[in-house]
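# Notes for the structure review
Here's the letter readout for the chains.
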Amino acid sequence: MEKRKVIRKKIKAAEDMKQFMADYYYELDHASKSGEKKIAWCSSVGPAEILRAMGFLVYFPETHSAMLGATRMATELIPHANALGYSPEICSYLTSDIGAYVQGITPLSKAYEGIESVPKPDVLVFNTNQCRDIQDWFAWYAKEFEAPLIGIHTHRAVTDVAESHIASIAKQMEGIIAPLEEISGTTFDMKELEKVVALSRQCSELWKQVLETAAAIPSPLTFFDGTTLMGPAVVGRGTQRAVDFYKILLAELEQRCANQEGAVEGERFRIYWEGMPIWGRLRAHSEMFAELGACVLASTYCNSWIFSAFDASDPFNSMARAYTELFIVRSDEAKEEYIRMMIDFFKVDGIIFHDAKTCPNNSNSRYGMPQRLEAQTGVPSLTISGDLNDLRCLSDEQTVTNVEAFIEQLEEDKSNGR
Ligand code: SF4
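Residues numbered from 1 in each chain as written. Predicted model: local features only at pLDDT ≥ 70, side-chain atom pairs only at ≥ 80, totals over all residues. Heavy atoms only, no water.

## What to know about the packing of helix α8 (residues 163-175) against helix α9 (residues 177-184)
- Where α8 meets α9, the axes come as close as 5 Å, and the angle between the chain directions of the two elements is 25 degrees. Relative to α9, the element α8 lies roughly parallel. Residues Met173, Glu174 and Gly175 of α8 form the contact with α9, whose own contacting residues are Ile177, Ala178 and Pro179.
- Split by residue class, the contact of α8 with α9 holds four nonpolar, one polar and one charged. (Axes fitted to C-alpha atoms, helices over the stretch in contact; angles between N-to-C directions. Helix = DSSP H or I, 4+ residues; strand = E, 2+ residues; numbered from the N terminus. Parallel < 35°, antiparallel > 145°, perpendicular 65-115°, else oblique. Contact = heavy atoms within 4.5 Å. Nonpolar A, V, L, I, M, F, W, Y, C, P; charged D, E, K, R; others polar.)

Take a look at the structure:
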C-alpha cells in the first residue's frame with residue numbers, strides 16, 4: 001500500500017475541552033478536600049441526572065480508567081488488582097483503576113498539578129445496563145471508602161424496548177431518591193431534575209449533531225478525535241457549560257464541512273469502528289489509518305452518549321427509556337439493525353470490529369455478527385484482537401499487517417467498481 005505523510009489537523013475547540021476537564025477535576029478535588037459539596041461516583045451511563053439534580057458533584061471512574069489507558073499506565077497496574085483476586089480476564093478498566101488506587105497512583109496528578117488522588121465518594125451509584133463488572137468495581141470502592149452503594153439493575157439483550165422495561169427501570173430510579181436524600185441532606189426537587197434532564201437532552205442533541213458531521217464527504221472528524229471530544233458529554237451532561245462547549249465545537253466542524261476540509265487528507269476510505277477504543281494506541285491508530293487514506297469516522301462507542309429519549313416533561317420514564325435503548329443493552333438483532341443504519345448514514349466502506357479481550361460487553365464480533373452484516377450489506381469487515389487498557393492483549397505488528405491488507409482489499413473493491 002502506498003502510505004501518505006500524515007498532517008495532524010488540530011480541532012481548535014479541543015483547547016476549550018481541556019479547560020472544561022481541568023475545571024471539572026479541580027472542582028471535584030476541592031470538594032473532596034474541603035467537604036463543601038457531596039460527591040457521587042456514577043457509572044458512565046448511570047443516572048447522573050438524578051445525582052446532579054440533588055446537588056452532588058458527579059465523578060465517573062470509567063473516565064479515570066480511560067486516562068490510565070491513554071497514558072499507558074494501565075498495563076503495569078493491572079497485576080496489583082489481580083493480586084486482590086480480580087482476574088486478568090475481567091474488565092481492564094476495573095483492574096487498572098483498582099490497581100492504581102492500591103498503588104496510590106493517578107494520571108490526574110500528572111495532568112492537574114495539586115491533585116493527588118481520586119475524589120472521595122459520599123455515595124456510589126451504578127447501573128448494570130452496561131455490564132456486571134461495574135457493580136463489582138463500585139462495590140470494592142464502597143467497602144474501601146465505607147460509603148453507601150446504590151444500584152439500578154437493568155434488563156439485558158433487549159430487542160424491542162417495551163413499556164414493561166421502562167416501568168421497572170423508572171421505578172428503580174424513583175427508588176434511589178430516598179437514600180440519596182438521606183446522604184445529601186437535601187430534599188428532592190422535581191423542578192431541578194426537569195432542568196437537568198433538559199440540559200442533558202440539549203447536550204445529547206448537540207453531541208449527536210457533532211458526530212453526524214462525519215457523514216460529510218470528506219469527514220471533518222475522526223473517531224479518534226471523538227474519543228476525547230466526548231469528555232464533556234460523559235462527565236458534564238446536565239450542565240449549561242457542556243451545552244456551550246458543543247455549540248462551539250459544532251460550529252467549527254460545520255465550517256470544516258462548508259470548506260470541504262477533511263480530517264484525513266485525501267480521504268479515500270470511510271471506516272466504521274465497532275467496539276471500544278484501544279486507549280494506549282489512539283495516536284498510533286489515528287496515524288496508521290490516515291497514512292492509508294482511510295478515515296475512521298464513526299463508531300458505536302462515541303454514539304453511546306446520545307440520549308435522544310430524554311424528556312424534561314417526563315424525567316423518570318424518559319431516563320429509563322434512554323438508558324435502556326443504549327446499544328450495549330440490546331440484542332444482536334437490534335444491534336445489527338443499528339449498525340446497518342450507521343453504514344448507510346455515514347456511507348461506510350468497511351467496518352473494524354475491536355474484539356476487546358477483557359470487555360465481552362463491548363465486543364460484538366464473537367457470535368457471527370461481522371459475517372451476518374457483510375452478507376446483508378456487502379460491506380466487508382476486519383476484526384482486530386486487542387483490549388481497551390491491557391496492552392498485553394494486542395500485537396501491534398499483527399494489527400498493522402491486517403489493517404493494511406484490509407485497506408488493500410477495499411482498494412481492489414473500489415477498482416473493480418464494487
Ligand atoms: S462495559 Fe466493559 S469496559 Fe465498561 S465497565 Fe463494563 S466490562 Fe468494563
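Additional details are given in the paragraphs that follow.
## What to know about the pattern of salt bridges
- If you walk through the whole model with that rule in mind, you get 24 salt bridges.
- Residue Arg201 is joined to Glu205 by a salt bridge in which the shortest nitrogen-to-oxygen separation is 3.1 Å. With Arg201 and Glu205 both in helix α10 (residues 190-212), this residue pair falls four residues apart, about one helical turn.
- Residue Glu205 is classed as partly exposed on the basis of its relative accessible area of 23%.
- The salt bridge partner of Arg392 is Asp390, with a shortest N-O separation of 2.9 Å.
- Asp390 sits in the buried class, given a relative accessible area of 3%.
- Connected through shared salt-bridge partners, Glu163, Arg321 and Glu325 make up one network. (Salt bridge = Lys/Arg side-chain N within 4 Å of Asp/Glu carboxyl O. Buried < 20%, exposed > 50% of the residue type's maximum accessible area, 1.4 Å probe, protein only.)

## A few points about the sheet that holds strand β2 (residues 57-59)
- With parallel pairing, four strands are arranged side by side in an open sheet as β2-β1-β3-β4. The open sheet has two free edges, formed respectively by β2 and β4 (149-152), since each of these has just one partner strand. On average, adjacent strands in this sheet sit at an angle of 25 degrees to one another, irrespective of strand direction.
- Sheet topology note: the strand β1 (residues 39-42)/strand β3 (residues 123-127) ladder contains three bridges and is parallel. Across the sheet, Cys42 pairs through a bridge with Val125, a residue of β3. (Pairing = 2+ DSSP bridges.)

## A short note on the pairing of β4
- With burial as the criterion, only one face of β4 is covered, namely that bearing Ile150 and Ile152; the residues Leu149 and Gly151 on the opposite face remain uncovered.
- Looking at chain direction, β3 and β4 are connected through four bridges and run parallel. Considered in β4, the bridge of Leu124 is made with Leu149.
- On the question of chirality, the crossover connecting β3 to the parallel β4 by way of helix α7 (residues 133-145) is right-handed. (Right-handed = clockwise from strand over helix to strand, strands pointing away.)

## Regarding the site of the ligand
- Close contacts around the ligand come from Cys91, Tyr93, Gln130, Cys131, Asp133, Met276, Cys359, Asn361, Asn362 and Leu388, and that covers them all.
- Taken together, the residues that form the shell around the ligand break down as six nonpolar, three polar and one charged. (Near = heavy atom within 4 Å.)

## Describing the nonpolar core
- Residues Tyr25, Ile50, Leu180 and Trp207 are the most contacted members of the largest nonpolar core, which totals 123 residues.
- Per-element accounting of this core gives the leading share, nine residues, to α10.
- Other than its neighbours up to four places away in sequence, Ile50 contacts Met173, Ile176, Ile177, Leu180, Leu193, Phe316 and Met319.
- In terms of nonpolar packing, the next biggest core, distinct from the first, is built from 19 residues, Tyr272, Ala290, Ala298 and Leu373 among them. (Core = buried A, V, L, I, M, F, W, Y, C linked by side-chain atoms within 4.5 Å.)

## Regarding the packing of α8 against helix α16 (residues 315-325)
- Interaxial distance between α8 and α16 falls to 8 Å at its minimum, and their mutual angle equals 115 degrees. Relative to α16, the crossing made by α8 is right-handed. Contact residues: α8 offers Glu163, His165, Ile166, Ile169, Ala170, Met173 and Glu174, while α16 offers Phe316, Asn317, Met319, Ala320, Arg321, Tyr323 and Thr324.
- Among the residues forming the contact of α8 with α16, the class breakdown is eight nonpolar, three polar and three charged. (Left-handed = near helix turned anticlockwise from the far one by under 90°.)

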